[in-house]
Number of protein chains: 2
Amino acid sequence: MVRRAQGKPTIADVAALAGVSVAAVSKVVNGKGSISAPTRERVLTAASKLQWTPSAAAVALRSAKTRAIGMVARRSPDLLSADPHFTLLISGIESELSPLGYGLLLHIVGEEPSAEEAAYRRLADERRVDGVVLTESLIGDTRFDLLRTLGMNTVLIGTPWRDDPVPAVQATGLDSGIRSAVEHLVAHGHQRVAYVSGPEDRVHTRYRRRVFEEALAAHDLTPSHTIVSDFTAAGAVDAVGRLLADRRRPTAVLFANDSMAVAGMSAARRLGVDVPGDLSVIGHDDLPLGELVYPQLTTVRQDLVGLGRAAARVLLASLGEIEDATVDIRPPELVVRESTGPLTSREPVHPT
Amino acid sequence: MVRRAQGKPTIADVAALAGVSVAAVSKVVNGKGSISAPTRERVLTAASKLQWTPSAAAVALRSAKTRAIGMVARRSPDLLSADPHFTLLISGIESELSPLGYGLLLHIVGEEPSAEEAAYRRLADERRVDGVVLTESLIGDTRFDLLRTLGMNTVLIGTPWRDDPVPAVQATGLDSGIRSAVEHLVAHGHQRVAYVSGPEDRVHTRYRRRVFEEALAAHDLTPSHTIVSDFTAAGAVDAVGRLLADRRRPTAVLFANDSMAVAGMSAARRLGVDVPGDLSVIGHDDLPLGELVYPQLTTVRQDLVGLGRAAARVLLASLGEIEDATVDIRPPELVVRESTGPLTSREPVHPT
DNA sequence: ATGAAAGCGCTAACAA
DNA sequence: TTGTTAGCGCTTTCAT
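Residues numbered from 1 in each chain as written. Chains lettered and ligands numbered in written order. Predicted model: local features only at pLDDT ≥ 70, side-chain atom pairs only at ≥ 80, totals over all residues. Heavy atoms only, no water.

Enquirer: So what's going on with the overall build of chain A? Residues and values would help.
Expert: Along the backbone of chain A there are 14 helices and 11 strands. In terms of C-alpha radius of gyration, chain A reaches 26 Å, well past the compact-globule figure of 20 Å for 352 residues. In chain A, which comprises 352 residues, the proportion classed as buried is 56%. Long-range contacts, defined here as pairs at least 24 residues apart, represent 68% of the contacts in chain A between residues at least 6 apart. Accessible area for chain A stands at about 14600 Å²; split by element, carbon and sulfur atoms hold 52% of it. Across chain A, the 39 positively charged side chains and the 42 negatively charged ones have centroids separated by 7 Å. (Helix = DSSP H or I, 4+ residues; strand = E, 2+ residues; numbered from the N terminus. Rg over C-alpha atoms; globule rule 2.2 N^0.38 Å. Buried < 20%, exposed > 50% of the residue type's maximum accessible area, 1.4 Å probe, protein only. Contact = heavy atoms within 4.5 Å. Areas by Shrake-Rupley, 256 points an atom, 1.4 Å probe, with all protein chains shown as cover. Lys, Arg positive; Asp, Glu negative; His and termini not counted. Charge placed at Lys NZ, Arg CZ, Asp CG, Glu CD.)

Encoded structure:
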């Protein structure tokens, strides 16, 4: 018995059991070189008998491929769990990586951009991953340059800043969701529509705001209010407080994400304002949360799982693992639920 | 110039630049062996000049340590993002791993237990991680045996099944949260309290239910209803429907998690039942979600981030990375918000 | 079609 | 204190 008593089997054990060379084993597991059918059989049975799987470390060292993808989320634990945005993206990414035996190395760092940068640096310097997926494109984003310098395969989920040639995935008809949202409100007679936006350092934040304004403009309307907020519940509550304090308060408001929308809706109701009777509320993303609450949230659905899958496939394609990177990403669409509708109260131009 | 034009620097490059042997470099970066101060200096400056960091693959191959921890979440994308439970645990784990340069390899698999098992197997066979963290202890859990067989370092977040000697982390005073919840309700005059539990294959599910029953028993009360549900919103809605259809409907209900509680609360309100006027609702976990909604959710807070941190430290300690694994995990506690209170309506013994 | 052998970048005995 | 050296488990020429 040549098998070592303890420790995992190695390629040599398999080769010995199959009565072939280690090179032969390597060839059959990698499908390279030429191997006769009988040899392949013997190797395969030996491998399965020994329950052998190539050591990731050895493969990585030898071939300079780690078969792992990295992702870093720049969020505090609280915000991360309040906005399960990332979770959905990660699910999508994983669903593509898993079948190919790729791993996902996740890092959660604090809000400081330097921490994110350091994480990428470490991923690259330690050669822990074959590529990374970036999210939340920033105005003046330096991460692409960094990763290019580090020689790291990269894909961005979202819109690149200033036509940066980084590979990126996004839905077609990106503006359709917000446009439909505005149409929906206008069709219900809303004329004073406000927008509570996210941090303006994001590319998508500005884009969506512009789409919102254009959609209103098509009806000769302008935003009744625009509030730039963070992504926190407190920010949403504060925004709603300001909106409703205005004597020309809006009759409808769009929020940058579902968590803010729900928080905003609650704030309104706490102030005695009925949703949607006095105020229509629309969120963004269509997270499960929106269906949980009462009234259920009308929101702009984003295919986050699809985006994650697409990003993974772009990476996989550039790593030569798959031929076709295309994934069907469903365009954003409005999901009408209960938080929007026509005004039912008397026009609250003069709040009590 | 000995440095290769392309490719990352290696330990040999650093050694050459510092004018020492590769062994010397290895010793200084690992703090082993004896190295003179001047030599250490030269190595350090050379390393930083070259921006060199040891290759994770080479270290892993040579030392059989990957400096990575694995975790597999068995959840559909939807459920995962509806219940950010995992997210919080992961944040806690990461916060301990990151400073030590450890990575977190995440796998998300479907609901089938076999998928989870396969994921662990792969993690072990490929030797991708030095340990794994398990969550959601199951009745008759086979994962511990599997991982023991695979020779994998393991830590469980939660209560082991049948005193399995797997290392586990949990809060002290585990029952305090639910006990306080019951006390709180009873103090407000509630006599008919229902419990909407999670899937009964979980260890904690049964435990919590038992605590609930004991706490009621201390007041000579028994559960008005007990409904075993899944963790979905639909399950919660259905449960509430059944609860409220009863002519001896409960005046208060505890849910197994916050998402269910919120969904349940919404269902009640949709049926014209006021919360907390007609029905008090209590959740479990204290996710950010509970503060977003109106009325804000009274819930049993669990220190999920602390549990994650503790689990990571147990692993780190058994890997010899740290001395002291102890982390202060805050005991569960009741967070009273707006979804509970005394009955304000007439006793709804006879529903309309 | 198959195998021998040279490393991938690093760590740890062992020598010096 | 420092350096030499033998691998860790695998992939990949290059012979045969």
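Enquirer: So what about the protein's contact with DNA strand C? Which residues, and what values?
Expert: Taken together, 24 residues lie around DNA strand C, and Ser34, Thr39 and Arg62 of chain A together with Ile11 and Arg62 of chain B are the ones closest in. Backbone atoms, meaning sugar and phosphate, make up 60% of the atoms of DNA strand C lying within 4 Å of the protein. Note that a phosphate oxygen of DNA strand C is positioned 2.9 Å from one of the side-chain N or O atoms of Ser26 of chain B. Taking Arg62 of chain B, its side chain carries an N or O atom lying 2.5 Å from a base oxygen of DNA strand C. Looking at the surface near DNA strand C, the elements with two or more residues in it are helix H2 (22–30) and helix H4 (56–63) of chain A together with helix H2 (22–30) and helix H4 (56–63) of chain B. Counted by class, the surface near DNA strand C contains 11 nonpolar, nine polar and four charged residues. (Near = heavy atom within 4 Å. Polar contact = N/O pair within 3.5 Å; in protein donor to acceptor, adjacent residues only side chain to side chain. Nonpolar A, V, L, I, M, F, W, Y, C, P; charged D, E, K, R; others polar.)

Enquirer: Tell me about the protein's contact with DNA strand D, and name the residues and values.
Expert: Near DNA strand D, the surroundings consist of 23 residues, among which Ile11 and Arg62 of chain A together with Ser34, Thr39 and Arg62 of chain B are the closest. Each atom of DNA strand D within 4 Å of the protein was assigned to sugar, phosphate or base; sugar and phosphate come to 56%. With respect to DNA strand D, the side chain of Ser26 of chain A contributes an N or O atom lying 2.9 Å from a phosphate oxygen. Its residues assigned to classes, the surface near DNA strand D comprises 11 nonpolar, nine polar and three charged.

Enquirer: Residues and numbers for the side chain of Ser197 of chain A, please.
Expert: In this fold, Ser197 of chain A is placed in strand S6 (residues 193–197). Look past the residues within four positions of Ser197 of chain A in its chain and what remains in contact with it is Thr205, Ile227, Val228, Ser229, Asp230, Ala256 and Met260 of chain A.

Enquirer: Break down unusual backbone geometry for me, citing the residues and quoting the values.
Expert: A cis amide bond links Val275 of chain A with the next residue in sequence, Pro276 of chain A, at an omega value of 5°. Following Tyr294 of chain A, the chain continues into Pro295 of chain A via a peptide bond in cis, with omega recorded as -5°. Inspection of the secondary structure puts Pro295 of chain A in the loop between helix H13 (289–292) and strand S10 (298–301). Backbone geometry places Ala64 of chain B, a non-glycine residue, at a positive phi of 60°.

Enquirer: How would you explain helix H6 (residues 85–97) of chain B if you had to name every residue and give the values?
Expert: All names here are of chain B. The first and last C-alpha atoms of H6 sit 19 Å apart over 13 residues, in line with the 18 Å expected at 1.5 Å per residue. Burial analysis of H6 places 12 of its 13 residues in the buried class, which makes it a mostly covered element. Within H6 the residues assigned to the buried category are His85, Phe86, Thr87, Leu88, Leu89, Ile90, Ser91, Gly92, Ile93, Glu94, Glu96 and Leu97. (Expected span 1.5 Å × (residues − 1).)

Enquirer: Now, about the sheet that holds strand S4 (residues 153–157) of chain A: what can you tell me, with residues and values included?
Expert: Spatially, S5(A)-S4(A)-S3(A)-S1(A)-S2(A)-S2(B)-S1(B)-S3(B)-S4(B)-S5(B) is the arrangement adopted by the 10 strands of the open sheet, whose pairing is mixed. Looking at the sheet topology across the chains shown, the edges are occupied by strand S5 (168–169) of chain A together with strand S5 (168–169) of chain B. Summarising the sheet, strand S3 (residues 131–135) of chain A and S4 of chain A pair through five bridges and their orientation is parallel. Its bridge partner being in S4 of chain A, Gly131 of chain A is matched across the sheet by Asn153 of chain A. (Pairing = 2+ DSSP bridges.)

Enquirer: Could you give me a rundown of the pattern of salt bridges, with the residues and numbers involved?
Expert: Residue and element names in this part refer to chain B. Scanning the model with the defined rule gives 52 salt bridges over all chains in all. Its salt-bridge partner being Arg309, residue Glu96 comes within 2.3 Å of it at the nearest N-O pair. One end of the pair, Glu96, is in helix H6; the other, Arg309, is in helix H14 (residues 304–318), with 213 residues separating them in the sequence. In this structure, Asp175 engages Arg179 in a salt bridge whose closest nitrogen and oxygen atoms are separated by 3.0 Å. (Salt bridge = Lys/Arg side-chain N within 4 Å of Asp/Glu carboxyl O.)

Enquirer: Now, about the relation of the copies chain A and chain B: what can you tell me, with residues and values included?
Expert: Between the two copies, chain A and chain B, the superposition gives an RMSD of 0.1 Å; the rotation angle is 180° and the shift along the axis is 0.0 Å. What the rotation and shift describe, once combined, is the action of a two-fold rotation axis. Of the residues that chain A buries at the interface, 100% are likewise interface residues in chain B, meaning the two copies contact each other through the same surface. (Least-squares fit on C-alpha atoms with pLDDT ≥ 70 in both.)

Enquirer: Describe the packing of aromatic side chains, and please don't skip the residues or the numbers.
Expert: Residue and element names in this part refer to chain A. Considering all chains together, one arrives at two aromatic pairs over all chains under this definition. Summarising the aromatic geometry, the rings of Tyr195 and Phe212 are spaced 4.8 Å apart at their centres and angled 20° between planes, so their arrangement reads as stacked. Highlighted residues: Tyr195 in strand S6 and Phe212 in helix H10 (residues 203–217), separated in sequence by 17 residues. A relative accessible area of 3% places Tyr195 in the buried class. Judged by its relative accessible area of 0%, Phe212 falls in the buried class. (Phe/Tyr/Trp six-rings, centres within 6.5 Å; stacked < 30°, edge-to-face > 60°.)

Enquirer: Please give an account of the pairing of strand S8 (residues 252–255) of chain A that cites residues and values.
Expert: Residue and element names in this part refer to chain A. With burial as the criterion, each face of S8 is covered, one bearing Ala252 and Leu254 and the other bearing Val253 and Phe255. Note that S6 and S8 share four bridges and pair parallel. By the bridge assignment for S8, Val193 is matched with Ala252. One crossover worth recording links S8 to the parallel strand S9 (residues 280–285) by way of helix H12 (residues 258–270), and it is right-handed. (Right-handed = clockwise from strand over helix to strand, strands pointing away.)

Any link to function would need more than the numbers given here.
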